[in-house]
Structures are given as C-alpha cells and as structure tokens.
Amino acid sequence: VCNHAIKLGIQGVNISVFECVKAKMKTGKFEPKPIPYEVMQSIEKLDKSRFTKTEQFHVDLFLFSFYAGGMANLDVEYLNWESIKDNPIVYERMKVTKEANVPLINKAKVIIEKYKSKSYADYVLPVFTHKHVTEKQRREKVERLSRQVNKTLEKVRKIVKYQDKITWYAARGS
C-alpha cells in the first residue's frame, strides 16, 4: 500500500517504519512451473465420466484458463460477455488493472457454449449466482472455488500420473 502511495505521489508516506521487519518481508524469487504440453494433452483427453459434474466444471475452468493464454483464475471468474463480443478476448486484468488481449480459440468457445445457459447475469461462466450480491460474497465464492478446483486438479494429477502439483494457477504459465 505504501509503495503504491509513493508511486501516486501521495504526501507523508513513510516507508522507513518497515525497516525493522524488512528482512522478514523478503520473499524468494518465484518461478512458475509450467505443466508440460503432453500433460495438458492428457488432461484434455481425460475420461470425464470419472468426475462429478462439479469436478468436470473445475477441469473446464482450468482448461479455459489454459486456452485463454494463461488467463488468471480471478479473471476467468469475473469474465463478462462484453469482453468476448469479438475475437480476441479483451478484458482488464483484475490484479494489475492492465488490459489483456488473447485470442478466443475454438476449444475455449466450446467451454463457453457448454455453460452459457447456466451463467448468471453478465458473467460468461457459472461462477456466481443470485446469492453473490456483495463484493464480500463474490470474494468468498472465488476463494472457495479456487480451493475446490485445486482439489479436483489433485485428482487429475493422480489420474494422468504427473509427479508435480497441478494448481489452477499453473495454467497461467503453461
């Protein structure tokens, strides 16, 4: 927050108060681990009858992220019809408020069509319902769904016999 305030030129920001904890705040360099394309192909070809309808939806969300050029899960969840009226998909990234343009490939279109009738309001995928009116309710739904998708992806990982952990986030770098 303070660094952002400094960039905005807000007066009176004193970042030096964090000097005493600076060493503990440093995080190691994060290197995303992409999933090999062969593993992604195995996930695409999975016999989905092994999964519940909800788990199938989780796999489709993961694949949609991959097909949409590594779209972040948050951006997938909040994707609206205005963003996909033309090709490419044009949307504002939630985390960094930058515009993204990604091609809308046929595999992504198939997923969109599959869930079109189940979606609520202006959302492309059926993540939110009439119960999610406040930002807090939507945020909690996003957190729950991300955990559930990752749990399903653990099941997927075992079926495709992939050694490393597969998370929804992994679709971004893959």
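Up top is the structure these notes are about.
Okay, so let's go over this structure.

Conventions we followed
Residues numbered from 1 in each chain as written. Predicted model: local features only at pLDDT ≥ 70, side-chain atom pairs only at ≥ 80, totals over all residues. Heavy atoms only, no water. Helix = DSSP H or I, 4+ residues; strand = E, 2+ residues; numbered from the N terminus. Buried < 20%, exposed > 50% of the residue type's maximum accessible area, 1.4 Å probe, protein only. Areas by Shrake-Rupley, 256 points an atom, 1.4 Å probe, with all protein chains shown as cover. Lys, Arg positive; Asp, Glu negative; His and termini not counted. Charge placed at Lys NZ, Arg CZ, Asp CG, Glu CD. Axes fitted to C-alpha atoms, helices over the stretch in contact; angles between N-to-C directions. Parallel < 35°, antiparallel > 145°, perpendicular 65-115°, else oblique. Left-handed = near helix turned anticlockwise from the far one by under 90°. Contact = heavy atoms within 4.5 Å. Nonpolar A, V, L, I, M, F, W, Y, C, P; charged D, E, K, R; others polar. Phe/Tyr/Trp six-rings, centres within 6.5 Å; stacked < 30°, edge-to-face > 60°. Core = buried A, V, L, I, M, F, W, Y, C linked by side-chain atoms within 4.5 Å.

### A word on the overall build of the protein chain
The helix and strand inventory of the protein chain stands at eight helices and two strands. Helices and strands appear in the protein chain in the N-to-C order α-α-α-α-α-β-β-α-α-α. For the protein chain, buried positions account for 37% of its 174 residues. When the accessible surface of the protein chain is summed, it comes to about 11,400 Å², and 53% of that surface belongs to carbon and sulfur atoms. With 33 positive and 20 negative side-chain charges, the protein chain shows a spacing of 5 Å between the two charge centroids.

### Describing the packing of helix H3 (residues 37-44) against helix H4 (residues 53-67)
The angle between the axes and the distance between the axes are what describe a pair of packed helices. At their nearest, the axes of H3 and H4 sit 11 Å apart, and the two run at 140 degrees to each other. One way to sum up the angle between H3 and H4 is to call them oblique. Pair H3 / H4 crosses with left-handed handedness. Residues Tyr37, Met40, Ile43 and Glu44 of H3 pack against Val59, Phe62, Leu63, Phe66 and Tyr67 of H4. Counted by class, the contact of H3 with H4 contains eight nonpolar, no polar and one charged residues.

### Some thoughts on the packing of aromatic side chains
Within this structure, the stated rule accounts for five aromatic pairs. Between Tyr78 and Phe128 the ring centres are 5.0 Å apart and the planes differ by 55 degrees, which places this aromatic pair in the tilted class. Here Phe128 lies in the loop between helix H6 (106-115) and helix H7 (135-159) and Tyr78 lies in helix H5 (residues 73-78), a separation of 50 residues in the sequence. You'll find Tyr78 and Phe128 in the same group, each marked buried. Judged by centre distance (4.9 Å) and plane angle (55 degrees), the ring pair of Tyr123 and Phe128 falls under tilted. For the residue pair Tyr123 and Phe128, the accessibility class agrees, reading buried in each case. The structure contains a cluster of three or more aromatic residues connected by ring pairs, namely Tyr78, Tyr123 and Phe128.

### Considering the environment of Phe128
The buried category is assigned to Phe128, whose relative accessible area is 2%. Taking C-alpha positions, Phe128 is 38 Å from Phe18, a pair spaced 110 residues apart along the chain.

### Quick look at the nonpolar core
Among the nonpolar cores identified, the biggest contains 45 residues, and Ile43, Phe62, Phe64, Met71 and Ile89 are the most heavily contacted of them. Looking at this core, the elements that each hand over two or more residues are H3, H4, H5, strand E1 (89-92), strand E2 (99-102), H6, H7 and helix H8 (170-173). If one sorts the elements of this core by residue count, H4 sits on top with eight residues. When sequence neighbours within four positions are dropped, the list of residues in contact with Phe62 reads Ile35, Met40, Ile43, Leu153, Ile166, Thr167, Trp168 and Ala171.

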